[in-house]
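Coordinates in review
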Amino acid sequence: MPPTTAAAHGPGPARASLPIGVFDSGVGGLTVLRAIRARLPHESTLYLGDTARVPYGTKSPASVLRYAEQATDHLIRRGVKLLVVACNTASALSIGPLRARFAPLPVIGVVEPGADAAVAASRLQRHVVLATESTVRQHAYARAIHARVPHADVTEVACSLFVALAEEGWTEGPVAEAVARQYLGGLAASPAAGRPDSIVLGCTHFPLLHGAIRSVVGEGPSIVDSATTTAAVVAAELDRLGLGRTMEGRPGHALLATDGAERFAAVGSRFLAEPLAASDIEVVDL
Ligand code: DGL
């Protein structure tokens, strides 16, 4: 049994006052945190970025699961009422085991909400999913989309270099566009009849490369990501469980990282779209 705070399983009001936990391999999940804060401005949040071990996208399933379990343990010890696995790779590889091990904690991943967004945005149900190597190897998005639309056509493309580009801040201009062309140029050149009408950004970092991706795929396809739909699922789940925060006063927001507060602040401020200082981040050991 994982260690838990009394409030995490205690009576409704105490539990409802706890923050929403958000976990990612690093700073990328701040795009999801931003959407959650926008959708649920009265809720407190506790974000943990495993910056000491990022990237997860090239790691083995066993390692990603172990890291995700350690992060969840840590957030539960701190006290959270619900966990969002904001990392697509960790969602793809560990959501089932996390739900089983940490029940009754509600655990929400980003793949299912991302598949919902993709299906809703597509008329032809021809999808191209851009993700990390591990997410693609797991076929997590293909399975989630096929569960909704069995006849959907889904192509998955591993775009590992996009992660480094987003972290480096090289999200626009010739380098970003050249990399996007290398990954996606074949799609743009394919006959019109077979072209996708939905490009799914199946990685936390890829929304920052929206412009470069658009420049290669053209105006035709919708470009969808899971942040907004994930925030909507979180809102619905809190509502369903009667766990919405009812306290007076401003919510609290805390950021944890496993390494490098300075770098987290510098890179993370682009993902969160608000200024961060190293002193805003607490470095923790899992
Ligand atoms: N957070 C990861 C994801 O969404 C991207 C970065 C990594 O590889 O850890 O898949």
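A brief structural summary. Position numbers for residues start from 1 in each chain and track the written sequence from start to end. Restriction of local features to residues with pLDDT of at least 70 applies here, the model being predicted, together with a cutoff of 80 or more for giving and counting side-chain atom pairs; totals for whole chains, interfaces and linings are based on all residues. To obtain the side-chain values, all non-hydrogen atoms of the structure were included, while hydrogens and water were left out.

Right, let's get into the site of the ligand. The local shell around the ligand holds 13 residues, among which S25, Y56, G57, T89 and T204 are the closest. The contact in question runs from an oxygen atom of the ligand to an N or O atom on the backbone of Y56, over 2.7 Å. In this structure, T204 approaches the ligand through a side-chain N or O atom, which is 2.9 Å from a nitrogen atom. With residues, only the protein chains shown are counted as cover, and all accessible areas are computed by Shrake-Rupley using a 1.4 Å probe. Calculation on the ligand without its partners gives an accessible area of 300 Å², and the protein chains cover 99% of this total. Looking at the shell around the ligand residue by residue, the class counts come to five nonpolar, seven polar and one charged. Whether a residue is near a molecule or strand is decided by its heavy atoms; if any one of them lies within 4 Å of it, the residue is near. What qualifies as a polar contact is a pair of N or O atoms within 3.5 Å, subject to a donor-acceptor requirement within protein and to the restriction that residues adjacent in sequence count only when both atoms come from side chains. Lys, Arg, Asp and Glu make up the charged group, whereas Ala, Val, Leu, Ile, Met, Phe, Trp, Tyr, Cys and Pro make up the nonpolar group; the residues left over, Gly among them, are polar.

Moving on: the sheet that holds strand β4 (residues 107-109). The strands making up a sheet associate through hydrogen bonds between their backbones, and the pairing can be parallel or antiparallel. We treat two strands as partners when DSSP finds at least two bridges between them. By the criteria applied, helices consist of DSSP H or I runs no shorter than four residues and strands consist of E runs no shorter than two, each listed in order from the N terminus. Here we have six strands laid out as an open sheet, ordered β4-β3-β1-β2-β9-β10, and parallel in their pairing. Both outer strands of the open sheet, β4 and β10 (281-283), are each paired with one neighbouring strand and no more. On average, adjacent strands in this sheet sit at an angle of 20° to one another, irrespective of strand direction. The sheet contact formed by strand β9 (residues 253-257) and β10 spans three bridges and is parallel. When the bridges of β10 are listed, A257 appears paired with V283. Only the stretch in contact is used when fitting a helix axis, every axis being a line fitted to C-alpha atoms; angles between N-to-C directions are given from 0 to 180 degrees.

Attention now goes to the nonpolar core. Considering soluble globular proteins, one finds that nonpolar side chains tend to be buried as a cluster. Buried Ala, Val, Leu, Ile, Met, Phe, Trp, Tyr and Cys residues that are joined via side-chain atoms within 4.5 Å together make up what is termed a nonpolar core. The buried label goes to any residue with under 20% of its type's maximum accessible area, the exposed label to any with over 50%, and the partly exposed label to all in between, with areas taken from a 1.4 Å probe on protein chains only. Ranked by size, the top nonpolar core spans 54 residues in total, and within it L130, F162 and I213 carry the most contacts. Setting aside residues up to four positions removed in sequence, L130 forms contacts with V157, C159, F162, L184, I199, V200, L201, G202, C203, F206 and I213. Counting residues in hydrophobic clusters, the runner-up holds 23 residues, among them Y67, L83, L93 and L98. Residue contacts are counted whenever heavy atoms from the two residues lie within 4.5 Å of one another.

This paragraph deals with the pairing of β9. The sheet contact formed by strand β2 (residues 45-49) and β9 spans five bridges and is parallel. Among the inter-strand pairings, L48 is bridged to a residue of β9, identified as L256. Every crossover in which the path from the first strand over the helix to the second runs clockwise, viewed with the strands pointing away from the viewer, is termed right-handed. Of the crossover connections in this fold, the one passing from β9 over helix α13 (residues 261-272) to the parallel β10 is right-handed.

On to the pattern of salt bridges, then. It is possible for side chains of opposite charge to pair when their charged atoms get near one another. Between Lys or Arg on one side and Asp or Glu on the other, a salt bridge is scored when a side-chain nitrogen of the former is within 4 Å of a carboxyl oxygen of the latter. In total, this model carries eleven salt bridges according to the counting rule given. E274 is the salt-bridge partner of R37, the closest N and O atoms lying 3.6 Å from each other. Of this pair, R37 sits in helix α3 (residues 30-39) while E274 is found in the loop between α13 and β10, placing the two residues 237 residues apart along the sequence. By relative accessible area, which is 37% here, E274 ends up partly exposed.

With that out of the way, let us pick up unusual backbone geometry. Cis peptide bonds are those with omega within 30 degrees of zero, and the linkage from V54 to P55 qualifies with 0°. Among the structural elements, P55 can be located in the loop between β2 and α4 (61-78). The omega torsion of the bond from A103 to P104 falls at 10°, within 30 degrees of zero and hence cis. Structurally, the position occupied by P104 is in the loop between α5 (88-102) and β4. A positive phi is found at Q125, a non-glycine position, where the angle reads about 55°. Secondary-structure assignment places Q125 in the loop between α6 (111-121) and β5 (126-131). The class of Q125 is buried, set by a relative accessible area of 9%.

Any functional reading would require information that these geometric values do not contain.
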